[in-house]
Amino acid sequence: MECEHCARIKMRNEKEQKDLMNRLKRIEGQVRGVQKMLENNAYCPDILVQVSAINSALNSFNKELLASHIRSCVVDDIRGGKDETIDELVCTLQKLMR
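Residues numbered from 1 in each chain as written. Predicted model: local features only at pLDDT ≥ 70, side-chain atom pairs only at ≥ 80, totals over all residues. Heavy atoms only, no water.

Colleague: What is the right way to read the overall build of the protein chain from this model?
Modeller: Looking only at helices and strands, the protein chain features three helices and zero strands. Computed over C-alpha atoms, the radius of gyration of the protein chain comes to 18 Å, more than 25% over the 13 Å expected from 2.2 N^0.38 for 98 residues, which places it beyond the range of a compact globule. Here the analysis covers contacts within the protein chain between residues at least 6 apart in sequence; of these, 56% occur between residues at least 24 apart. Roughly 7900 Å² of accessible area belongs to the protein chain as shown, and the carbon and sulfur atoms make up 55% of that amount. Across the protein chain, 16 positive and 15 negative side-chain charges occur, with their mean positions spaced 6 Å apart. (Helix = DSSP H or I, 4+ residues; strand = E, 2+ residues; numbered from the N terminus. Rg over C-alpha atoms; globule rule 2.2 N^0.38 Å. Contact = heavy atoms within 4.5 Å. Areas by Shrake-Rupley, 256 points an atom, 1.4 Å probe, with all protein chains shown as cover. Lys, Arg positive; Asp, Glu negative; His and termini not counted. Charge placed at Lys NZ, Arg CZ, Asp CG, Glu CD.)

Colleague: Would you mind going over the packing of helix H2 (residues 44-79) against helix H3 (residues 84-96) with me for this structure?
Modeller: Two quantities define a packed helix pair, namely the angle between the helix axes and the distance between the axes. At a minimum axis distance of 10 Å, the contact between H2 and H3 shows a crossing angle of 165°. Judged by the inter-axis angle, H2 sits roughly antiparallel to H3. Here H2 runs over H3; the crossing is left-handed. Taking contact as the criterion, the partners of Asn62, Leu66, His69, Ile70, Val74, Asp77 and Ile78 in H2 are, on H3, Thr85, Ile86, Glu88, Leu89, Leu93 and Leu96. The residue inventory of the contact of H2 with H3, partitioned by class, reads eight nonpolar, three polar and two charged. (Axes fitted to C-alpha atoms, helices over the stretch in contact; angles between N-to-C directions. Parallel < 35°, antiparallel > 145°, perpendicular 65-115°, else oblique. Left-handed = near helix turned anticlockwise from the far one by under 90°. Nonpolar A, V, L, I, M, F, W, Y, C, P; charged D, E, K, R; others polar.)

Colleague: Would you mind going over the environment of isoleucine 54 with me for this structure?
Modeller: You can see isoleucine 54 is positioned in helix H2. Residues within four places of isoleucine 54 in sequence aside, it is in contact with Ile27, Gln30, Val31 and Val34.

Colleague: It is not clear to me how the pattern of salt bridges should be interpreted in this structure. Could you clarify?
Modeller: Pairs may arise between side chains of opposite charge once their charged atoms sit close together. According to the stated counting rule, one finds six salt bridges in the structure shown. In this structure, the salt-bridge partner of arginine 23 is glutamate 64, at a minimum N-O distance of 3.8 Å. Residue arginine 23 is found in helix H1 (residues 14-39), and its partner glutamate 64 is found in helix H2; the two are separated by 41 residues along the sequence. With a relative accessible area of 41%, glutamate 64 lands in the partly exposed category. (Salt bridge = Lys/Arg side-chain N within 4 Å of Asp/Glu carboxyl O. Buried < 20%, exposed > 50% of the residue type's maximum accessible area, 1.4 Å probe, protein only.)

This is how it looks when you write it as structure tokens:
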């Protein structure tokens, strides 16, 4: 049985899609950089600083995506009478705050 939320999709405009993909590609590059640092036996604090930067970039990505989700999907659902979307949002926020 398929989860109702798994079947949902979000059509993003071209700019939003491009901006989010660019962020992820930069993060991917940062992760590859940390892998290279580890392979080259870089000093632990130097690696930790880079990992912290990756965490910050991922948090920034999440904030951008969450803001977009609230402004579009959540607002549209609530206006359409789908109040269960509020519970879904609360659940999502709780997962993000772990």
